[in-house]
Amino acid sequence: MTEERFISLNKHQWNKYQNMLDDWDLYSPSELGQAYLSVCSDLAYAQSHYPETVVCESLNALALQFHHILYRRQPQRWSELLYFFRHTVPTSFYRSRHFLLLSLCLFMIGEVIGVMSQCLDSGYFKDFFGEGYYDITMQNIKDGNPMGIYGKEDEASMFFEITINNMMVGITYFLKGLLSPFFTIYSTIMTGVMDGCFTTFFFQQGYGISVLTAPNEHGSLELPAAIVCSAAGMQLGMGWFFPGKLSRMKALMNSAQEALIMVLAMMPFFLVAGFIESFITRHQEWPMAARVSLAVVGLLFSIFYIILLPWYLKRKEGIQ
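Residues numbered from 1 in each chain as written. Predicted model: local features only at pLDDT ≥ 70, side-chain atom pairs only at ≥ 80, totals over all residues. Heavy atoms only, no water.

K.L.:
Help me understand the overall build of the chain in this model?
P.N.:
Each helix and strand counted, the chain has twelve helices and zero strands in total. Relative to the 2.2 N^0.38 estimate, which gives 20 Å for 320 residues, the radius of gyration of the chain is 26 Å and therefore markedly larger than a compact globule would have. The principal-axis extent of the C-alpha atoms belonging to the chain is close to 90 × 40 × 30 Å. For the chain, buried positions account for 43% of its 320 residues. Relative to all contacts within the chain whose residues are 6 or more apart in sequence, the contacts with residues 24 or more apart total 78%. (Helix = DSSP H or I, 4+ residues; strand = E, 2+ residues; numbered from the N terminus. Rg over C-alpha atoms; globule rule 2.2 N^0.38 Å. Buried < 20%, exposed > 50% of the residue type's maximum accessible area, 1.4 Å probe, protein only. Contact = heavy atoms within 4.5 Å.)

K.L.:
Which parts of the structure should I look at to understand the environment of Tyr27?
P.N.:
Relative to the helices and strands, Tyr27 is located in the loop between helix 1 (3–22) and helix 2 (29–49). Assessed through its relative accessible area of 29%, Tyr27 is described here as partly exposed. Separated by 93 residues in the primary sequence, Tyr27 and Leu120 place their C-alpha atoms 55 Å from one another. Residues within four places of Tyr27 in sequence aside, it is in contact with Met20, Leu32 and Tyr83.

K.L.:
Is there a simple way to explain the packing of helix 8 (residues 155–179) against helix 9 (residues 181–204) in this structure?
P.N.:
The geometry of a pair of packed helices is captured by two quantities: the angle between their axes and the separation between those axes. Between helix 8 and helix 9, the shortest axis-to-axis distance is 5 Å and the interhelical angle comes to 145°. Contacts from Tyr173, Lys176, Gly177 and Leu179 of helix 8 reach helix 9 at Pro181, Phe183, Thr184, Ser187 and Thr191. The residue makeup of the contact of helix 8 with helix 9, split by class, is four nonpolar, four polar and one charged. (Axes fitted to C-alpha atoms, helices over the stretch in contact; angles between N-to-C directions. Nonpolar A, V, L, I, M, F, W, Y, C, P; charged D, E, K, R; others polar.)

K.L.:
Looking at this structure, how should I read the nonpolar core?
P.N.:
It is characteristic of soluble globular proteins that their nonpolar side chains tend to be buried jointly. If you look at the biggest cluster of nonpolar residues, it comprises 31 residues, and the most contacted ones within it are Phe93, Leu100, Val228, Met266 and Phe270. For this core, the secondary-structure elements that each account for two or more residues are helix 4 (77–95), helix 8, helix 10 (208–241), helix 11 (248–279) and helix 12 (288–317). The element that contributes the greatest number of residues to this core is helix 11, accounting for twelve residues. Core analysis: the second largest hydrophobic core is formed by 19 residues, Leu21, Val55, Cys56 and Ala63 among them. (Core = buried A, V, L, I, M, F, W, Y, C linked by side-chain atoms within 4.5 Å.)

K.L.:
Mind showing me how you'd approach the state of the cysteines here?
P.N.:
Each disulfide consists of one covalent bond between the sulfur atoms belonging to two cysteines. Applying the stated criterion across every chain, the model contains zero disulfides. Between Cys56, a cysteine without a disulfide, and Cys40, which holds the nearest cysteine sulfur, the sulfur-to-sulfur distance is 13 Å. With no disulfide of its own, Cys197 has Cys119 as its nearest cysteine by sulfur position, at a separation of 9.7 Å. Since its relative accessible area comes to 0%, Cys197 is described here as buried. (Disulfide = S-S within 2.5 Å.)

K.L.:
What's the story with empty space enclosed by the protein in this structure? I'm lost.
P.N.:
Where empty space is left becomes clear once a probe the size of a water molecule has been rolled over the atoms. Tallied over the full model, the rule gives two cavities of 30 Å³ or more. Roughly 40 Å³ of internal volume is contained in the second largest cavity. Looking at the second largest cavity, the residues that line it are Phe107, Tyr173, Thr188, Thr191, Leu223, Ala226, Ile227 and Ser230. With four residues, helix 10 is the largest single contributor of residues to the lining of the second largest cavity. In terms of residue class, the lining of the second largest cavity is made up of five nonpolar, three polar and no charged. (1 Å grid on protein atoms, 1.4 Å probe; cavity = no way out; pocket = protein on both sides within 12 Å on 5 of 7 lines; lining within 4 Å. Points joined across faces, edges and corners; volume = space filled by probe spheres on them.)

What follows is the structure, given as structure tokens:
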């Protein structure tokens, strides 16, 4: 290959790497490292075939800049964490948008099933949640405190128990995809059934406003997180069971990468939701406006982070 041909084939990529150096703090260490390895590979080729030329000098200077940034700069742990949540996670949301939509649709189907089941059979709530939970709930209703279930434990114990449980549920939705995506599909539908049945039961008892505010103070974060984890599980399972033209292991690794990023990103959602449920939801004496505002803010943030931000990055950066 002639030197002119070599430059022509790679000039566009080198310009891209130079732009990366100009705004290196916007890129993760792995992205900078991959670019550095590519430049070093081109430099080695140029030194072998076109020694002591301008292209060698330019590539050497480019490689030195990458080396300085990667090995000389101080650790940027917080900026890298910020980049993960600001860019990496929304990018994964966009690439997994079809699974997210499928998960949402399955959840809504479950909601309809739960509402209809409770409407057609008033005893469905008792059968679904168990007699013990039903008895406690009915006693709370008689005492005039329908949401009293949220104040049955001290705040710290409840926070630890609920947060760990919700995180494990989300991770379980994800891991079920390895067994089969249909296990995750079933779990997603049943989550919707549970929520639909719960909401309908309290409407039937005359506490519709309570059930629309108290559970959704934390549910506005918890339910979107569960839907995302379900989408991750389905994506993982589809890569494993339906690899297409790729090898099964390659397809699994590709799907697992995006899916795992989404699951990890939902852990803070579960953490904040657990805090709200343990320390705030129990205070039903607080002004209605404050409690509704909390639920609305959580819902708006979920919509922004899971839906709007990925589409913004798509338009800005052309995510494929």
